[in-house]
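Read off the chains here:
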Amino acid sequence: ALRTSCLIFGVTSAYPMFTTQWLTYLAGTGFSPVGNIDLARPHTPFYIWGLVLIIVLISIRFAIIEFAGYILGSGAKLTTTVHDKNAKLITSDSRWSCNLSNSEILYIDSSEFEKMVEVDQFALVMAGDAILISHWKNWAKGDITRKIPNVVRNDALGNECHISICMIFKPSTVLFDVDVATIVTPHARFSGSGRSIAMGCWEDNKCAKKAVDSAINADIYSGGSVKYVELSTQDNNLSADTATVDELHRLMQNEGYVMNTEANEIVEIKDYHNKDDVVKEMENGKLVASAPTGSDESPWNESQKSALEDAVDVLRTLVSNK
């Protein structure tokens, strides 16, 4: 004779799908308690374990991205730019800075000097040396049949300075992009020392503004506001962008802040003990504002320079045919 048995059980899971799967299975005809020590192994379907593995891998991936972003940001001042190809949107942070020592950074977060320039038919997104960026903004706003500016220069100390450039023909065709300190995906592009953090956020939210904001909030070297340009509508929050590099420097000398990364302290420039030296070094060209690319390696070999020249020729043709 068969003996009727009663089994009372409870299922608790941090992931609801596990609970549903167990209850469904235990209520069915396949349950057999004999010899089952670890019920999870024989009865949890393989696709559930596959899902667990995917979740774990994604978690590890984002942990690596954030750690990489910290490493990239901790050795240099932060700049972050994003081009969202689907949304036809470009964004950047607003901070300009320069190193006073290994542990001290002079910075300003609000100025009339932008990292992006938008004209009728194209836009440039840039990072790096403020002097070179100024030359490229003036070129873009003027007659683009003129010879293009330099992308590298030597400062007053003989050090090479460079910029990165992303050239976009509206609404979202990338004609040129540098190969260094840039992450390019099928639908977006991230550059600067905050690029890894921004990419992780964008892949989660698909928002270029949030991506830059996440980089701003994740690193002590970041700051300022999120600047944006909607390439299909020309809606933007850029300033008039009328400031020269000299005016940017004077603003930094009068209204900037000095961050000591070792002491974790910030003081206004007017209270900085070496302010007079900062003013002198800016005047003689030894200190120049920058929006760091995130890499000390210059992207500008002969191949890259030639590719930029070719892209500018294409841009000129497209603009003239419009």
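Our subject in this report is the structure included herewith.

Analysis parameters
- Residues numbered from 1 in each chain as written.
- Predicted model: local features only at pLDDT ≥ 70, side-chain atom pairs only at ≥ 80, totals over all residues.
- Heavy atoms only, no water.
- Pairing = 2+ DSSP bridges.
- Helix = DSSP H or I, 4+ residues; strand = E, 2+ residues; numbered from the N terminus.
- Axes fitted to C-alpha atoms, helices over the stretch in contact; angles between N-to-C directions.
- Contact = heavy atoms within 4.5 Å.
- Polar contact = N/O pair within 3.5 Å; in protein donor to acceptor, adjacent residues only side chain to side chain.
- Phe/Tyr/Trp six-rings, centres within 6.5 Å; stacked < 30°, edge-to-face > 60°.
- Expected span 1.5 Å × (residues − 1).
- Buried < 20%, exposed > 50% of the residue type's maximum accessible area, 1.4 Å probe, protein only.
- Arc of directions from axis to C-beta.

Pairing of strand β4 (residues 104-108) with strand β13 (residues 257-260), which is carried by four bridges, proceeds in the antiparallel orientation. Of the residues in β13, the one forming a bridge with Y107 is Y257. Alignment of β13 against strand β14 (residues 265-268), held across four bridges, turns out to be antiparallel. Across the sheet, residue M259 finds its bridge partner in β14, namely I266. With antiparallel pairing between neighbouring strands as the criterion, β13 and β14 make up a hairpin whose turn holds four residues, including N264 at a positive phi of roughly 55 degrees.

Taken in spatial order, the five strands line up as β10-β11-β1-β2-β12 in an open sheet, and their pairing is antiparallel. Each edge of the open sheet is held by one strand with a lone partner, namely β10 (182-184) and β12 (227-230). Averaged over all adjacent pairs, the angle separating strand axes in this sheet is 10 degrees, with direction ignored. Those strands touched by helix α5 (residues 195-205) are β1 (81-84), β10 and β11 (188-191), and its axis lies near 150 degrees from that of β11. Helix α6 (residues 208-218) rests against β1, β2 (89-92) and β12 of the sheet, and its axis sits at about 15 degrees to β2.

Moving on: the side chain of K227. Counting through the fold element by element, K227 comes out in strand β12. At 2.7 Å, the side chain of K227 forms a polar contact with the side chain of E114. If sequence neighbours within four positions are ignored, K227 has contacts with I90, T91, S92, S94, E114, M116, N237, L238 and S239.

Turning our eyes to something else, we now look at the packing of aromatic side chains. Taken as a whole and assessed by the stated rule, the structure comprises six aromatic pairs. Relative to Y257, the ring of Y107 lies with its centre 5.9 Å away and its plane at 25 degrees, an arrangement referred to as stacked. With Y107 in strand β4 and Y257 in strand β13, this residue pair connects regions lying 150 residues apart in the sequence. Each ring, one from F122 and one from W139, has its centre 6.3 Å from the other, and the planes form 55 degrees; the classification is tilted.

Moving on, we get to helix α9 (residues 302-321). Here α9 spans 29 Å end to end across 20 residues, near enough to the 28 Å set by a 1.5 Å rise per residue. Of all the positions in α9, only Q304, L308, A311, V312 and L315 are classed as buried. Across the axial projection of α9, the buried residues extend over an arc of 105 degrees, all falling on one side. Exposed and oriented more than 90 degrees from the buried face of α9 are E302, S303, S320 and N321. Elements in contact with the buried residues of α9: β6 (122-129), α4 (130-141), β8 (160-169) and β9 (173-177). Looking at where α9 begins, the residue whose side-chain oxygen comes 3.1 Å from the main-chain nitrogen of S303 is N301.

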